[in-house]
Every structure is written in C-alpha cells, then in structure tokens.
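Residue-level listing of the chains:
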Amino acid sequence: MENSEEMPSLIRRLSSNDLAGFDTVKEDSSFHDQNQPPMEAEMSNFINHQRKCSVSISMPSSPIQDHEKSTKRVLFGDGIPVSTAESGVQPKKVKFHSQPMPRGSGGPEPVDIRGFPQHPGIKKFRDKRFDSFKTWSGKLERQISNIRGKPREPEPEPERGNVQKAETESIPVARYFDALQGPELETLRPSEQIVLPEDKTWPFLLRFPISSFGICLGVSSQAIMWKTLATAPSTKFLHISLTVNLVLWCISVALVAIVASIYLVKVILFFEAVRREYYHPIRVNFFFAPWISLLFLAIGVPPSVTQHLPPALWYVLMAPILCLELKIYGQWMSGGQRRLSKVANPSNHLSVVGNFVGALLGASMGLKEGPIFFFAVGLAHYAVLFVTLYQRLPTNATLPKELHPVFFLFVAAPSVASMAWARIQGSFDYGSRIAYFTALFLYFSLAVRVNFFRGFKFSLAWWAYTFPMTGAAIATIRYSSEVDNLVTQVLVVIFAATATLTVTALLISTILHGFVLRDLFPNDIAIAISDRKPKHHSNHRRWFHIRNGSTEETENYLKFADSDCKDIEASPTSNSPGSDSNQLS
C-alpha cells in the first residue's frame, strides 16, 4: 500500500511535539494512513510499538549525503515494511526521526549515567591515584583487557603523565630531606604535597611499613629469654619449664610468618612503595629486622624441636645481612646525603645489632672465623655510631616524645655483644663484662627518667622497648651464671619480669589498636612524597638538581660557594637539604 504522506523539509523548524514518535510513546493517528483497513492499522500499531524497542536503525553519516538519493524501504522486526516510498514519486527531502530507545530485549541495555560510580563493571571511574605505586602500574591490567577483547579507556593526559613519571624516575635522597622533616623523616613539610590522596584511607599494604617487623623482634627475643631462664644454672630456683619457651617460639614463628607474608605481598603488588622505603635514609635500617628475627628464632629454638642446627643455616641468614651492611656502611663512610652525620638516628642500631646476633648464633653452632668477623665489623661501627649519636650535632633536632622509646636501642648492641663474645671466648671474661656493664649503665640511665617515656600516643615505635629490655635480661642471666649471688639473682628477676610485662602490654595494645580502634597503620606519608619540589621553590638551589641537570648546571653548582664555607654541603648556612633546623638527630 502506498503512503501518500508528504515528507517535510529538513530545514523546517519543528517542535518535538509536532513529530510523531519523537522521544515520546504517545501515538499520533496522523502518522498512519487514515484509509488503512482495521487489520492493517492494527498491524501498523504493532510495528510502531516494536519500533520503540528497536535499535537497528540504519542512519547515514550525514543527511546531506543522502539528500539526492532515493528513499529505500526500512525494515523492522520480521521484515514488515514500516513505510513505503517506492510509489514512483521521488520525495524531495529525506525524513529522519529520532526514536526513543527504552529498555528491552531488542537491543543493548542503556547505562544509567547517574549510576556510573556504583557500577562494578565500569572502570572509567575507578580511583587510579594508586596505580603509580602498583608493581605493574596498570600494564598487566591493560594486557588482560586486550586479551579479553575489551579495549581500555584512554586515561586523561595529566594522570598518564604522572604514572609514567613515577615509573621511570627514582627519588633521590635529597628529596626525602627536602620534603620531610623530623628525626625519623616521617612528617611532611607544609610547603610540600604528596602524590597519593589525603582525603581517604590508603590500601592496607601501602600503610603497612617495614618497621612492623619490630613486633617480631620483641616476641622472638622473649622465646630466647625464657629458654635461658629454664636452662641456666643460676635460675634453677625459679623452676621455669621449657614449655613456656615452646609456646612463645611457636607464637613467634607464626607472627614472623604472618608479617613476612603480608610484606611479601606488598613487594609483589606495590613494589614502588617498598623501593621508596628502601631508599628512605631511616627506613632502610629496618630491612635488617626480618633477618634478625630469623636469627632470634634459630637461637631460641626449643630443645624438643632440635638440638643442633645445620651450620649452613647460619650462612644463609647472614648473607643478606652482609649485603645490606656493604651498602649502608659504605654510604656512612663515603659521604654525600647518606653519610652518618646526616642520618644518625637510634634506629641505626638495628644495622649494627645484626652483627652481634649473627656472631652469637654462629659461635653456638661451633663456628669460629665467621662469628669473629661479624663481631669485629659490628664493634667498629657501633663505636662510631655511639659517638655520633652522643655528640648531637648543633644542626640535629631532638627526638619528639613519640620516638623516645627508640633510645632503648642503645642498650641492645652492648647486651648482645657481651653474650656473643662470651660464646666466642667460651667464658664470660673481662671483654664480655665490659660490654655488659656498659649496657647495664645505659639501661639504668634510661629507666630512671620516667617522664622521658610517658605522655605520648601509642605507635609501633613502642616496640623498641622490648628487644633491648629482653637482651639486657638475657645478658644478666648469663652474667649471673658466672657471678652467682643475691644481687645478680634479683637483677635477673627484675629485668625478666619488666621485659615480660612490657611485651605483654604492648602486644595487647597492638591488638587493640589494630583490630578494635583500627588506627595502628595510618597513611604512610613518608613514601608518598613527590619526586620534584614545588614550583614556588624553584628559585632555590638544591643538591638533587645536579643529578638530572646538565653539565653546565653541575659546573655552576660546584663553583657556587658560601662566603663562610667553601664546602656547601658541610656549611651550616648553605641551602643544602640537610642544613635545615629540622634535620635528623
């Protein structure tokens, strides 16, 4: 049947209400031929109803391109013609109708724009601000999307630029001094900005620091202490069972396994965060903690588990410690931004204690040369570190109250050194006693200062109490075996009880803050600094400029000299990153 309806002109101005079927479901009787029979009218109504759900509309790329062409028949549904224009009379204009596309089975489901952020399948609105810290930086995700045939949406240019910069550029040590302040380099300077969002809580792995291994040090050292209490001749009057050692050792193994597994997952998924911790001038010392914890587990192994450990285990555990020492001790000695006078901090004791713990384990296995080597290296660097921390350079800031517990690390090295030398020498001779008395004096000098260790908020730094206290208690037990009298027995009871109560209280507090209050791991600002200084500081000369600068800039920097001191880096008035008043202690 021919349709005699005249097609309107395209340039005619029409209202949406004047066109039938234009974004409306209202039926217009003028849209159909008035002369249609009832049967055909019903069929036409059915077809028009299907048109509202159909999306198979063939439209030209431009109405002008199809202006001179003949009108063709458009088929919908089962091929029934909606309108016919092949009546022999060519229409002057082509009529185009915009049809609504409601939900239905005839086409793809439209997406509600208001529901984009809540739609789980839409990744365009996914928070990509953490991608620069991911190990794959989104590359693996893009590859998987391409394999599945789902092309990835192009990222905005600023975000893509930031990701590439984070992947290709490493942060020089001077940026840590420029962007952070405080003795532990944990606080962001007011003029700096971080690359991660401050308005939300970061993923747990990004908030899980390497310093969490301090918990393992405290608990595993307790297993050693209770083993010594149960086996030492001078403490037989306490009637301690080896069952306590077995229980604590099992708890220590489980704790080390949990913490190490979590951090291993962080290494796999957020390697950039681990790399930034490794290059952090202070955090790098805590990379000794996992290996020291394993040494503690080997020393405190219950007799019911094994009586003799294979010597090969000692070489396996000491190899990573030796590699770390070659890097860190070389930086202390070679100068630059990582020289000891700049990065000296009580946490540096962790990089020294590993030598004495390793010497103690090796000597207990019957080894000689290896334990003496590590003992000598530890003794030399402990003497230098001890003097550096004692003299407190004028440019160094004092530790805040929250970090006062780390002062107990002064007690750890001489305590373990006394036991290591006693094991190497075969008796608690004068060398061992000199080291033990040094530790004893430092212990009492800190213990009498009660106000020095109270009035601040709980943090992971409190675990610095436990390991040195336990080490002093173990050294006292070893000393009481040589000098057995009432005084040494009283010291053993006091030190052991104090260490045990401290570890118990801190373990309960850690569980409370970690699982109940959920504030144990705040956002780790230290790893989120930008790799470039703010623009408003661009006029200042910084040491890290010469790392990426041209040869001319390097020569100009070397020619630059302060009026009072030619050595810019050593000058207290220069603009070097370490010359601020908020320098490391």
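Worth saying up front: this structure is predicted, and the values here are computed from it rather than measured.

**Q** What is the right way to look at the overall build of the chain in this model?
**A** The number of helices and strands found in the chain is 19 helices and four strands. Relative to its full complement of 585 residues, the chain shows a buried share of 44%. Relative to all contacts within the chain whose residues are 6 or more apart in sequence, the contacts with residues 24 or more apart total 76%.

**Q** How do you make sense of the packing of helix α16 (residues 466-482) against helix α17 (residues 486-516) when you look at a structure like this?
**A** Any two packed helices are characterised by how steeply their axes cross, that is the angle between the axes, and by the distance between the axes. It is at 9 Å that the axes of α16 and α17 come closest, and there the two elements cross at 155°. Relative to α17, the element α16 lies roughly antiparallel. The handedness of the crossing between α16 and α17 is left-handed. Judged by residue contacts, Thr 466, Met 469, Thr 470, Ala 472, Ala 473, Thr 476, Ile 477, Tyr 479 and Ser 480 of α16 engage Thr 488, Leu 491, Val 492, Phe 495, Ala 496, Thr 498, Ala 499, Thr 502, Val 503 and Leu 506 from α17.

**Q** How do you make sense of the packing of aromatic side chains when you look at a structure like this?
**A** Aromatic rings considered in pairs are described by the distance between their centres and by the relative angle of their planes. Using the criterion set out here, one finds 28 aromatic pairs in the structure. When the centroid spacing of 6.1 Å and the interplanar angle of 10° are considered together, the rings of Phe 407 and Phe 410 count as stacked. By relative accessible area, which is 16% here, Phe 407 ends up buried. Taken together, the ring pairs in this structure connect Tyr 382, Phe 386, Tyr 390, Phe 407 and Phe 410 into an aromatic cluster.

**Q** What's the story with the nonpolar core in this structure? I'm lost.
**A** A general trend in soluble globular proteins is that nonpolar side chains are found buried together. Of all hydrophobic cores here, the largest spans 122 residues; its most connected members are Leu 206, Met 225, Phe 356, Val 357, Leu 361 and Val 411. Every residue in contact with Met 225, bar those within four places of it in the chain, is listed here: Thr 470, Ala 473, Ile 474, Ile 477, Ala 496, Ala 499 and Thr 500.

**Q** Could you clarify how one ought to interpret unusual backbone geometry in this entry?
**A** Peptide bonds are trans in most cases, and residues, glycine excluded, mostly fall at negative phi. Despite not being glycine, His 239 shows a phi value in the positive range, around 55°. The residue His 239 is located in the loop between α6 (213-231) and α7 (242-269) in this model. We note that Arg 518 has phi near 60°; this positive angle belongs to a residue other than glycine. Arg 518 sits in the exposed class, given a relative accessible area of 68%.

**Q** Sorry, what's going on with a nonpolar patch on the surface here?
**A** A cluster of nonpolar side chains, Leu 507, Ile 511, Leu 512, Phe 515, Val 516 and Leu 517, forms an exposed patch at the surface whose accessible area comes to about 580 Å². Within the secondary structure layout, Leu 512 lies in helix α17.

**Q** It is not clear to me how the pattern of salt bridges should be interpreted in this structure. Could you clarify?
**A** When the charged atoms of two side chains with opposite charge come close together, those side chains can pair. For the coordinates displayed, the defined rule picks out seven salt bridges. For Lys 266, the salt bridge is made with Glu 277, and the minimal N-O distance between the two is 3.2 Å. Pair noted here: Lys 266 is in helix α7 and Glu 277 is in helix α8 (residues 271-279), with a separation of 11 residues, a long-range link. Take Lys 266 and Glu 277: they sit in the same class, and that class is buried. Of the charged contacts, one joins Arg 283 and Asp 524 as a salt bridge, the two residues approaching to 2.6 Å between their closest N and O atoms. Placement of the pair is Arg 283 in the loop between α8 and α9 (289-299) and Asp 524 in the loop between α17 and α18 (545-548), with a sequence separation of 241 residues. Residues Arg 283 and Asp 524 agree in their burial class; the two are buried. Here the residues in one salt-bridge network are Lys 266, Glu 277, Arg 283 and Asp 524, joined through shared partners.

**Q** So what exactly am I meant to see when it comes to the confidence of the model for the chain here?
**A** Detailed reading of the predicted coordinates is not advisable wherever pLDDT falls low. Here the chain averages 74 in pLDDT, and 60% of its residues register 70 or above. Note on residues 26-33: pLDDT under 50 across the span, and 15 contacts to partners over four residues away in sequence or across chains. Long-range and interchain partners of residues 110-118, a stretch whose pLDDT sits below 50, account for seven contacts in this model, where long-range means more than four residues apart.

**Q** For this particular structure, what's the right way to read helix α12 (residues 350-364)?
**A** Three or four residues apart is the spacing at which side chains of an α-helix point the same way, because the helix has 3.6 residues per turn. Helix length check: α12 (15 residues) gives 21 Å between terminal C-alpha atoms against 21 Å at 1.5 Å per residue, within 8%. Here α12 lies mainly inside the structure; 14 of its 15 residues are buried. Once α12 finishes, Gly 366 follows within two positions and takes phi at roughly 95°, a positive value.

**Q** It is not clear to me how the side chain of Arg 175 should be interpreted in this structure. Could you clarify?
**A** Here Arg 175 is to be found in helix α4 (residues 173-179). In terms of polar contacts, Arg 175 uses its side chain to reach the backbone carbonyl oxygen of Ser 530, at 3.2 Å.

**Q** Is there a simple way to think about the side chain of Thr 388 in this case?
**A** Position of Thr 388 relative to the elements: it lies in helix α13 (residues 369-391). Setting aside residues up to four positions removed in sequence, Thr 388 forms contacts with Leu 340, Ser 341 and Ala 344.

**Q** Quick question: what am I supposed to make of the environment of Ser 427 here?
**A** Within the secondary structure, Ser 427 is located in the loop between α14 (409-425) and α15 (430-447). Considering only alpha carbons, one finds Ser 427 and Arg 478, 51 residues apart in sequence, at a separation of 9.8 Å. Residue contacts for Ser 427: discarding those within four places in its chain leaves Ala 422, Ser 432 and Arg 478.

**Q** What should I look at first to understand helix α10 (residues 311-334) in this one?
**A** With 24 residues, α10 extends 34 Å from end C-alpha to end C-alpha; this agrees with the ideal 34 Å at 1.5 Å per step. Its maximal kink placed at Met 318, α10 deviates by approximately 30°, while the proline Pro 320 follows within four residues. Buried within α10 are the following residues: Trp 314, Leu 317, Met 318, Pro 320, Ile 321, Leu 324, Glu 325, Ile 328, Tyr 329, Gln 331 and Trp 332. Those residues of α10 that are buried are in contact with α8, α9, α11 (340-343), α12 and α13. Among the residues trailing α10, Gly 336 stands out with phi positive, at a value near 80°.

**Q** What is the right way to read the packing of α6 against α9 from this model?
**A** Taken N-terminus to C-terminus, the directions of α6 and α9 make an angle of 15°; their axes are 9 Å apart at the nearest point. One element, α6, and the other, α9, form an angle in the roughly parallel class. Crossing angle aside, the handedness with which α6 passes α9 is left-handed. Packed against α6, whose contacting residues are Phe 213, Cys 216, Leu 217, Ser 220, Ser 221, Ile 224 and Lys 227, the element α9 presents Ala 289, Pro 290, Ile 292, Ser 293, Phe 296, Leu 297 and Ile 299 at the interface.

About the criteria used
Residues numbered from 1 in each chain as written. Predicted model: local features only at pLDDT ≥ 70, side-chain atom pairs only at ≥ 80, totals over all residues. Heavy atoms only, no water. Helix = DSSP H or I, 4+ residues; strand = E, 2+ residues; numbered from the N terminus. Buried < 20%, exposed > 50% of the residue type's maximum accessible area, 1.4 Å probe, protein only. Contact = heavy atoms within 4.5 Å. Axes fitted to C-alpha atoms, helices over the stretch in contact; angles between N-to-C directions. Parallel < 35°, antiparallel > 145°, perpendicular 65-115°, else oblique. Left-handed = near helix turned anticlockwise from the far one by under 90°. Phe/Tyr/Trp six-rings, centres within 6.5 Å; stacked < 30°, edge-to-face > 60°. Core = buried A, V, L, I, M, F, W, Y, C linked by side-chain atoms within 4.5 Å. Patch = residues over 30% accessible without salt bridge, like charges linked within 9 Å, V, L, I, M, F, W, Y side chains within 5 Å. Areas by Shrake-Rupley, 256 points an atom, 1.4 Å probe, with all protein chains shown as cover. Salt bridge = Lys/Arg side-chain N within 4 Å of Asp/Glu carboxyl O. pLDDT = per-residue confidence, 0-100. Expected span 1.5 Å × (residues − 1). Polar contact = N/O pair within 3.5 Å; in protein donor to acceptor, adjacent residues only side chain to side chain. Bend = angle between axes of the 7 residues up to and from the residue.

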